[in-house]
Amino acid sequence: MKRSLIIIAVIFLVASGRNIFAQDYQKVENAEHLVVYQEDGKFLGWPANNGAWTADGVNMLVGFTHGDYLLRRGHNIGENQVSWLARSTDMGQTWKAYNPVDYVGDFGEEPELKTLENPIDFSHPQFALRVVGTAYHGAYDPRGHFFFSYNAGKSWNGPYRFGTDNIRQWPELKSTTLPEETELTPRTDYLVEGKNKCLVFMSVRAKDKFGTDKIFCMRTVDGGKTFNFVGWVVPPYDEKNDEPVKVKLEDDDAKNPHPNQCRAVMPQTIRLKSGKLICAMRRRYETHNWVDAYVSEDNGKSWKFLSEVGDAGAGNGNPPALNITEKGRLVAAFGNRKEPGTIMVVYSDDEGNSWSEAKILRDGYGSVDMETADLGYPRLLRRKDGKMVALYYWSTKDCLHHIAATIWDADK
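Scope of this entry: the structure provided in the associated data block. (Residues numbered from 1 in each chain as written. Predicted model: local features only at pLDDT ≥ 70, side-chain atom pairs only at ≥ 80, totals over all residues. Heavy atoms only, no water.)

**What to know about the overall build of the protein chain**
Phase 1 of the analysis: Scanning the protein chain from terminus to terminus reveals 3 helices and 25 strands.
Phase 2 of the analysis: The C-alpha radius of gyration of the protein chain comes to 20 Å, within 12% of the 22 Å expected for a compact globule of 412 residues.
Phase 3 of the analysis: Referenced to the eigenvectors of the C-alpha coordinate spread, the extents of the protein chain come out at roughly 55 × 55 × 45 Å.
Phase 4 of the analysis: If you take every contact in the protein chain between residues at least 6 apart in sequence, the share linking residues at least 24 apart comes to 57%.
Phase 5 of the analysis: Accessible surface, the protein chain as shown: approximately 17,200 Å² in total, 46% of it carbon and sulfur.
Phase 6 of the analysis: Measuring between centres, the 51 positive side-chain charges of the protein chain sit 2 Å from its 55 negative side-chain charges. (Helix = DSSP H or I, 4+ residues; strand = E, 2+ residues; numbered from the N terminus. Rg over C-alpha atoms; globule rule 2.2 N^0.38 Å. Contact = heavy atoms within 4.5 Å. Areas by Shrake-Rupley, 256 points an atom, 1.4 Å probe, with all protein chains shown as cover. Lys, Arg positive; Asp, Glu negative; His and termini not counted. Charge placed at Lys NZ, Arg CZ, Asp CG, Glu CD.)

Structure representation (structure tokens):
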């Protein structure tokens, strides 16, 4: 597995306890930072768990978790965790947040699921899909389900089960080293492929066992009435696999894991003009957190490691947001939870084979307790004028635990 020496060095610095921000990271100079929504006495977080959508680069929607503020170790969120949305009609310059009706969580933690009778038109110009799983704030259904909208998220249809099968009983999942009891942990990642055709990315883990998530993709060709397994992006580890590949985290190679021993979750996937699929994902092994990119050249059937995208810092790390500019440059953004806490961005001009050195998209994090566990989880939307909009959760001393946006020209 080829991995950038620069990235390896950064990971080694993290492992050895040295401050990676001793390096003078450059900052993105043309970035505009905005508050999407803030509310006194409330904690707002995790856009990557909740999704973001735009159909035209003008009208935008982002989801987030809305809960009571509670100062405590870890996440400063208390009770009443509800899935909210915020909408912009001017390319992300201004936003209005609200609690949507008949949406995620409104039907109970494990709702009675509907069976889709009429096929979905995925090609509808204002189509949006929201995938729900378990093991993150505001979602608790280990079976997985979904909502969809034909009016850019103004109203939603659901909750629907994925086809008529129990995904967790699919032979492709049962014939692995996964245990008997599993749960689906997907966020929202999908690629529309036609009127009745959509590729959806899922993750599965051992029930109640943090960090065991692995990623696969599935496809519907009949408008969501049925789904079929397509391929593992990162399959469960099998010690019978004799590949000598390892993730280079430690100097002592005996301590380094096989890639399939590492957590793989929260993918973000794009299709290039060439037809290749690039999937960026959140990785973790013990105290190490980073972002990888995998590639498929056969429409999702098989995947291979492509490159390491960047370092996600301390704690539990951060998932990536991935998008592509009008000029074909890949853009990946992710939070780095190592003090002092930042939002980082990297670029690729060679289809994800290599990435630029990370730049600071946002710094100046501040909260009451100054713990950096509460930042990041970005989504990336491209505006009609070509600029990127990063949506994430953030905190400053003057504006605690809010949803933020950063707008910049990623082609410069």
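**Section: the sheet that holds strand S7 (residues 128-132)**
Phase 1 of the analysis: Taken in spatial order, the 3 strands make up an open sheet running S7-S8-S9, and their pairing is antiparallel. In this open sheet, the two edge strands, each paired with only one partner strand, are S7 and strand S9 (157-160). On average, adjacent strands in this sheet sit at an angle of 15 degrees to one another, irrespective of strand direction.
Phase 2 of the analysis: Examined bridge by bridge, strand S8 (residues 145-149) and S9 share 2 bridges and lie antiparallel to one another. When the bridges of S9 are listed, Phe-146 appears paired with Tyr-160. (Pairing = 2+ DSSP bridges. Axes fitted to C-alpha atoms, helices over the stretch in contact; angles between N-to-C directions.)

**Some thoughts on the nonpolar core**
Phase 1 of the analysis: Ile-167, Leu-173, Val-200, Met-202, Phe-216 and Met-218 are the most contacted members of the largest nonpolar core, which totals 36 residues.
Phase 2 of the analysis: Listed by contribution, the elements that provide at least two residues to this core are S7, S8, strand S12 (198-206), strand S13 (214-220) and strand S14 (228-234).
Phase 3 of the analysis: Discounting residues that sit within four places of it in the chain, Leu-173 has contacts with Ile-167, Arg-168, Leu-178, Val-204, Phe-216, Phe-229 and Trp-232. (Core = buried A, V, L, I, M, F, W, Y, C linked by side-chain atoms within 4.5 Å. Buried < 20%, exposed > 50% of the residue type's maximum accessible area, 1.4 Å probe, protein only.)

**A few points about the pattern of salt bridges**
Phase 1 of the analysis: The final tally for this structure, using the stated rule, is 13 salt bridges.
Phase 2 of the analysis: Among the salt bridges present, the one from Lys-276 reaches Glu-351, with a minimum N-O distance of 3.1 Å. Highlighted residues: Lys-276 in the loop between strand S15 (263-271) and strand S16 (277-285) and Glu-351 in the loop between strand S21 (342-348) and strand S22 (359-362), separated in sequence by 75 residues.
Phase 3 of the analysis: We note a salt bridge from Asp-349 to Arg-329, for which the minimum N-O separation is 3.0 Å. (Salt bridge = Lys/Arg side-chain N within 4 Å of Asp/Glu carboxyl O.)

**Description of the side chain of His-401**
Phase 1 of the analysis: Tracing the backbone through its elements, the reader meets His-401 in the loop between strand S24 (388-394) and strand S25 (402-408).
Phase 2 of the analysis: Polar contacts involving the side chain of His-401 include one to the side chain of Asn-76, which spans 3.2 Å.
Phase 3 of the analysis: Filtering out sequence-adjacent residues up to four positions away, His-401 remains in contact with Lys-42, Phe-43, Leu-44, Tyr-69, Asn-76, Tyr-365, Ser-367, Asp-374, Trp-394 and Ser-395. (Polar contact = N/O pair within 3.5 Å; in protein donor to acceptor, adjacent residues only side chain to side chain.)

**Remarks on unusual backbone geometry**
Phase 1 of the analysis: Residue Pro-159 is bonded to the preceding Gly-158 through a cis peptide linkage, with omega at 0 degrees.
Phase 2 of the analysis: Among the secondary structure elements, Pro-159 is positioned in strand S9.
Phase 3 of the analysis: Here the residue pair Glu-339 and Pro-340 is connected by a cis peptide bond, since its omega of 15 degrees sits within 30 degrees of zero.
Phase 4 of the analysis: Turning to its location among the elements, Pro-340 is positioned in the loop between strand S20 (330-336) and S21.
Phase 5 of the analysis: Look at Glu-286: it is not a glycine, yet its phi comes out positive at around 55 degrees.
Phase 6 of the analysis: Within the secondary structure layout, Glu-286 lies in the loop between S16 and strand S17 (288-296).
Phase 7 of the analysis: The backbone of His-401 shows a phi angle near 40 degrees, a positive value even though the residue is not glycine.
Phase 8 of the analysis: Note on His-401: relative accessible area 1%, which makes it buried.

**Notes on the sheet that holds S24**
Phase 1 of the analysis: Within the open sheet, the 4 strands sit side by side as S1-S25-S24-S23. Their pairing is antiparallel. Edge positions in the sheet fall to strand S1 (32-37) and strand S23 (376-382), since each has one partner strand and no second. Within the sheet, the average angular offset between the axes of one strand and its neighbour, ignoring direction, is 25 degrees.
Phase 2 of the analysis: Here 7 bridges tie S24 to S25, and the two strands are oriented antiparallel to one another. Bridge pairing links Leu-391 to Ala-405 in S25.

**Notes on the environment of Thr-164**
Phase 1 of the analysis: With respect to the element layout, Thr-164 can be found in the loop between S9 and helix H3 (171-174).
Phase 2 of the analysis: The class of Thr-164 is exposed, set by a relative accessible area of 60%.
Phase 3 of the analysis: A sequence separation of 49 residues divides Thr-164 from Thr-115, and the C-alpha atoms of the two residues are 7.3 Å apart.

**Thoughts on the packing of aromatic side chains**
Phase 1 of the analysis: A full pass over the atoms with the stated rule returns 26 aromatic pairs.
Phase 2 of the analysis: Seen from their ring centres, Phe-64 and Trp-84 are 6.1 Å apart, and the 50 degrees between their planes marks the pair as tilted. In this pair, Phe-64 is assigned in strand S4 (residues 60-68) and Trp-84 in strand S5 (residues 82-88), connecting sequence segments 20 residues apart. Considered together, Phe-64 and Trp-84 belong to a single accessibility category, that of buried residues. (Phe/Tyr/Trp six-rings, centres within 6.5 Å; stacked < 30°, edge-to-face > 60°.)

**What to know about the pairing of S8**
Phase 1 of the analysis: Across the 5 residues of S8, 5 count as buried, placing the element largely inside the fold.
Phase 2 of the analysis: Sheet analysis places S7 next to S8, joined by 5 bridges and oriented antiparallel. Paired with Leu-129 across the strands is Phe-148, a residue of S8.

**A closer look at the environment of Arg-283**
Phase 1 of the analysis: Position of Arg-283 among the secondary structure elements: in strand S16.
Phase 2 of the analysis: A sequence separation of 53 residues divides Arg-283 from Val-230, and the C-alpha atoms of the two residues are 22 Å apart.
Phase 3 of the analysis: Setting aside anything within four residues of it in sequence, one finds Arg-283 in contact with Val-234, Pro-259, Cys-262, Arg-263, Ala-264, His-288, Asn-289, Trp-290, Asp-292 and Tyr-294.
Phase 4 of the analysis: Separated by 2.6 Å, the side chain of Arg-283 and the backbone oxygen of Pro-259 make a polar contact.

**A few points about the state of the cysteines**
Phase 1 of the analysis: The final tally for this structure, using the stated rule, is 0 disulfides.
Phase 2 of the analysis: Its sulfur unpaired, Cys-279 is 8.4 Å from the next cysteine sulfur, which belongs to Cys-217.
Phase 3 of the analysis: Look at Cys-279 and you get buried, because its relative accessible area is 0%. (Disulfide = S-S within 2.5 Å.)

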